[in-house]
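# Examination of the molecular architecture
Read off the chains here:
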Amino acid sequence: GAHPPLAIPPACANIASMLRLCASRVLPRAAAPRAPLAGCLRRAFSAVSTHSEGEPGTPSYRLRFKDASGKEVSPWHDIPLFTGEEGVLNALFEIPKNTKPKMEVATKEAQNPIAQDVKKGKLRDYHGPIFWNYGMFPQTWEDPNVVHSETKCAGDNDPVDVVEIGSEALPQGAIEKVKVLGTLAMIDDGELDWKVIAIRVSDPLAAELGDIEDVEAKCPGVISGIREWFRWYKTPDGKPLNAFGYDEKALNRAHALEVIAETHGAWKKLVGGQTDKGKLWLKEGPALRITAASEPPGSRPGVG
């Protein structure tokens with residue numbers, strides 16, 4: 001059945017206090033997040049390095065990505081989604097846990113650097129910190145031209161989001177292998193905006209988590225915390241609560257992997273010129289494959 005919203009104590013006068021309650025049962029609090037990752041991203045991609053332009057907290061700030069030859073690459077189009085391991089994908093992290101600046105891959109800028117989101121001419125910050133590492137899956141796209149059969153909503157025109165529930169605060173620009181555990185079907189202003197729940201493969205708890213029911217068992221409160229954080233986070237700006245499809249259930253790993261396969265297929269159509277790109281920035285010619293593991297294990301050609 002549906003999961004009712006968490007009860008909000010009357011004393012919670014601001015949204016940050018309420019969200020802190022949602023996260024109170026999350027994994028042990030991490031140390032303060034490290035600065036944006038400079039130099040080589042050794043853990044998952046020794047071939048990719050980052051460099052920043054401008055000062056953090058200013059409109060000109062950009063975190064850019066380069067390959068081993070020094071050529072600038074797109075973290076959206078050039079980093080491969082698949083790792084060659086079943087259920088393990090590459091994820092790019094834009095926002096370290098316990099921070100507030102709303103950083104994101106700039107899908108409409110050349111080479112898609114990470115920048116701080118701007119709304120109505122002002123840099124955007126969350127009203128309270130996000131309690132998990134937040135990022136995106138490269139080579140995915142939620143197609144705004146396709147209406148989802150269950151939710152009756154079209155995609156939000158962005159890569160698929162990932163919420164990483166591990167214990168370490170991952171630096172901005174980190175590229176990590178993550179184990180997919182499940183997903184929430186968030187509906188934001190009438191658009192479908194999947195929130196995939198995952199954990200970094202190298203996290204100490206990763207071996208104990210194989211599917212969404214393991215998260216409920218081993219990390220009680222985490223799924224409800226994620227759901228309520230994303231339900232409420234825009235309300236201080238006068239916007240309505242976000243909703244969730246599928247009776248608000250967190251869907252299992254298999255369903256999450258289906259979502260990723262579908263959105264990877266949508267991305268392939270986008271970069272192949274079969275879908276109108278609108279204002280999105282795409283590479284000229286085929287996307288670079290930094291590793292050979294460009295398709296999921298056992299996938300059929302053209303599917304995935």
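Residues numbered from 1 in each chain as written. Predicted model: local features only at pLDDT ≥ 70, side-chain atom pairs only at ≥ 80, totals over all residues. Heavy atoms only, no water.

### Regarding the pattern of salt bridges
What the rule picks out here adds up to 14 salt bridges. R64 is the salt-bridge partner of E53, the closest N and O atoms lying 3.1 Å from each other. Of this pair, E53 sits in strand β2 (residues 45-53) while R64 sits in strand β3 (residues 62-66); the two residues are 11 residues apart in sequence, bridging distant segments of the chain. Among the residues examined, R64 registers a relative accessible area of 15% and is labelled buried. Measuring nitrogen to oxygen at the nearest pair gives 2.8 Å for the salt bridge that ties R231 to E228. Taken together, the residues span about one helical turn, with R231 and E228 both in helix α3 (residues 222-232) at a distance of three residues. (Salt bridge = Lys/Arg side-chain N within 4 Å of Asp/Glu carboxyl O. Helix = DSSP H or I, 4+ residues; strand = E, 2+ residues; numbered from the N terminus. Buried < 20%, exposed > 50% of the residue type's maximum accessible area, 1.4 Å probe, protein only.)

### Some thoughts on the confidence of the model for the chain
Per-residue confidence for the chain averages 85 on the pLDDT scale, and 78% of its residues sit at or above 70. Counting interchain partners and residues more than four positions distant, the pLDDT-below-50 stretch residues 287-293 has 25 contacts. (pLDDT = per-residue confidence, 0-100. Contact = heavy atoms within 4.5 Å.)

### Digging into the pairing of strand β15 (residues 175-188)
Counting buried positions along β15 yields 12 of 14 residues, so the element is predominantly enclosed. Relative to β15, strand β5 (residues 88-95) runs antiparallel, the two sharing five bridges. Across the sheet, the residue bridging to L92 is I175, located in β15. Judged from the 10 bridges that link them, β15 and strand β16 (residues 191-200) form a sheet pairing that is antiparallel. Each residue of the ladder has a partner; that of A185, found in β16, is W194. The antiparallel hairpin formed by β15 and β16 contains two residues in its connecting segment, where D189 sits at a positive phi of about 55°. (Pairing = 2+ DSSP bridges.)

### Notes on helix α4 (residues 253-271)
With 19 residues, α4 extends 27 Å from end C-alpha to end C-alpha; this agrees with the ideal 27 Å at 1.5 Å per step. Turning to α4, its buried residues are A256, L257, V259, I260, T263, H264, A266, W267, K268 and L270. Next to the buried residues of α4 lie β5, β15 and β16. A distance of 3.3 Å separates the backbone nitrogen of A254 from a side-chain oxygen at the start of α4, and that oxygen is part of N252. One or two residues past the end of α4 sits G273, with phi positive at roughly 80°. (Expected span 1.5 Å × (residues − 1). Polar contact = N/O pair within 3.5 Å; in protein donor to acceptor, adjacent residues only side chain to side chain.)

### Things to note about the packing of aromatic side chains
With the rule as written, the count across this model stands at eight aromatic pairs. Relative to Y233, the ring of Y126 lies with its centre 5.7 Å away and its plane at 80°, an arrangement referred to as edge-to-face. On the criterion of sequence distance, the pair formed by Y126 in strand β11 (residues 125-130) and Y233 in the loop between α3 and β17 (243-244) is long-range, its members being 107 residues apart. Its relative accessible area of 9% is what places Y233 among the buried residues. Ring geometry for Y134 against F230: centres 5.5 Å apart, planes inclined by 45°, an arrangement best described as tilted. Of this pair, Y134 sits in strand β12 (residues 133-136) while F230 sits in helix α3; the two residues are 96 residues apart in sequence, bridging distant segments of the chain. Pair check on accessibility: Y134 and F230 agree, each one buried. Each residue in the set Y126, Y134, W229, F230 and Y233 is aromatic and connected to the rest through ring pairs, giving one cluster. (Phe/Tyr/Trp six-rings, centres within 6.5 Å; stacked < 30°, edge-to-face > 60°.)

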